[in-house]
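Coordinates in review
Read off the chains here:
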Amino acid sequence: MPSPLPISFERLAALPDNDIDVALGAVLIARDVYPDLDIERTLARFDALAQPLERLDLSHAHPRLQAEHLRNHLHEACGFNGNERDYYDLRNSLISDVLDRRLGIPITLSVVYCEVARRAGVAARGVSFPGHFLVRIDPSTDLLDEASAKDAVVVDPFFGCRVLDENALSELFAKNTGAKAGEGQALPAPPSAVLLAASPRAILQRMLVNLRAIYLSRGDEARALLAIDRILCLTPAAPEALRERGLLSARLGAREQALVDLERYLELAPQSEEAAHVRTRITELRKRGGAGLN
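This one's a predicted model, so the numbers in the text were calculated from it and none came from an experiment.

Let's talk about the packing of helix H3 (residues 39-54) against helix H4 (residues 63-77)
Running from N to C, H3 and H4 point in directions that differ by 130 degrees, and their axes come no closer than 11 Å. Of the possible angle classes, the one that applies to H3 and H4 is oblique. Every pair of crossing elements has a handedness; the one defined by H3 and H4 is right-handed. On the side of H3, the interface is formed by Leu49, Pro52 and Leu53, while H4 contributes His69, Leu70 and His73.

Right, dumping it as C-alpha cells:
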C-alpha cells in the first residue's frame, strides 16, 4: 500500500533533498492561493499528460530524439508556451494554473516538462541557469559512458521546448550575465556548473522567490510573508530570508517574530552590510515593546 502524501509543505520540506517531490511541492505552493485545490487530482494531471508518450518507449532513445518527441507533444500538441505577453501574471507561477492555461514562466514550464518526461522514462532535470530556468536531458543510465555523456541536450521549455546548441547557450549566458567575447573571439561558453541539475529543494525555493517578488510588487505583504515562510521551511538558516521576514514582520506588526528573525540574522551574518541597519531596527522594536508596557 503506498505511503500517504505529506500533505503539508512543512512536512515535505523536512524530508531529505532527494525525497522531495517537486510536483507535490509545486501543488502545495499553489494551494496557498487556492485552498480547495485537490492535490491528488492535480498530480494525476501529470500522469494524463504523459500517457501518449509512455507507449513510445522513449527510455533508451537518444536525448535529442527524446527532446523532439517531448516538444511535439507538450508544445505542438498540448500547447504549452511561455507567457511573454504577461510574464509577471501570478498565474504563470502557480502550477495548477499553468496546467489549466498551458502558459507559464521558465521554471513552472520546466517542472511540467520534467514531470511528464520522467513518467515517460526520460531523464530530464531542471537547470538553474542564470536568469532563465532550463531543462537538461541526459542519456539513459544504462547507456551512459564517457562518449554518451556528451550527448546530453539542454531544452528551453519557455521558448517552444527548443533544444539549445552551444552557440545558443553562450548567447543566453552572455545576455543574462553580461559576459563578453574577447576581441576577435566567440562568446565564452557558460561554465559547466551552471548546467548542473538543480536539486528539488533549489527548484521549489526558486519558485517561491519568484512568487515573493510578484507579491511585493503588488503590495501584498501578507502573501509575500507566506512565501518567505515557505523559503525558510526549505532553508531554515538562510540569512537574507530571515532578514527579509523579520523586517516584513515588523511592518505587519508581528514584533516578537521580527525580533526572533532579526536576532538570528545577526548571529548568522554579523559582519554583513545590512547588519548595522538590522541592529538599529532591533533597538527600535525593543523600545516600542518597552513603551507598550508602561
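Now that the structure has been shown, we can carry on.
Let's talk about the sheet that holds strand S4 (residues 134-138)
The 4 strands lie next to each other as S3-S4-S5-S6, forming an open sheet whose pairing is antiparallel. The open sheet is flanked by strand S3 (123-127) and strand S6 (162-164), the only strands paired with a single partner. Strand-to-strand twist in this sheet, taken as the mean axis angle between neighbours without regard to direction, amounts to 35 degrees. Examined bridge by bridge, S3 and S4 share 5 bridges and lie antiparallel to one another. The residue of S4 that forms the bridge with Ala123 is Asp138.

Let's talk about the packing of aromatic side chains
By the definition in use, this model includes 4 aromatic pairs. Centre to centre, the rings of Tyr87 and Phe158 are 5.7 Å apart; their planes meet at 65 degrees, and the pair counts as edge-to-face. A residue pair is termed long-range when its members are at least 10 positions apart, and Tyr87 in the loop between strand S1 (81-82) and helix H5 (95-101) and Phe158 in the loop between strand S5 (153-156) and S6 qualify at 71 residues. The exposure class assigned to Tyr87 is partly exposed, which follows from its relative accessible area of 30%. Geometrically, the ring pair formed by Phe158 and Phe159 is edge-to-face, given 4.8 Å between the ring centres and 90 degrees between the ring planes. Feature note: the residues Tyr87, Tyr88, Phe158 and Phe159 constitute an aromatic cluster, connected by ring pairs.

About the cut-offs
Residue numbers here run from 1 along each chain, matching the order of that chain's written sequence. Confidence filtering applies because this is a predicted model: local features only for residues at pLDDT of at least 70, side-chain atom pairs given and counted only at 80 or more, and all residues used for totals across whole chains, interfaces and linings. The side-chain figures draw on all heavy atoms in the structure; neither hydrogens nor water molecules are used. Between N-to-C directions, angles span 0 to 180 degrees; the directions come from axes that are lines fitted to C-alpha atoms, helices contributing only their stretch in contact. Numbering of helices and strands runs from the N terminus; a helix is a DSSP stretch of H or I covering at least four residues, while a strand is a stretch of E covering at least two. If an angle is under 35 degrees, it is roughly parallel; if it is over 145, roughly antiparallel; if it lies from 65 to 115, roughly perpendicular; otherwise it is oblique. Crossings are sorted by hand: turned counterclockwise from the far helix by less than a right angle, the near helix makes the crossing left-handed, and turned clockwise it makes it right-handed. Any two residues whose heavy atoms approach within 4.5 Å are treated as being in contact. DSSP-based pairing: two strands are paired if at least 2 bridges between them are found. In summary, the pairing rule links any two rings of Phe, Tyr or Trp, Trp by its six-membered ring, whose centres are within 6.5 Å, and it sorts them by plane angle into stacked for under 30 degrees, edge-to-face for over 60 and tilted for everything else. Burial classes: relative accessible area under 20% of the type maximum marks a residue as buried, over 50% as exposed, and values in between as partly exposed (1.4 Å probe, protein chains only).

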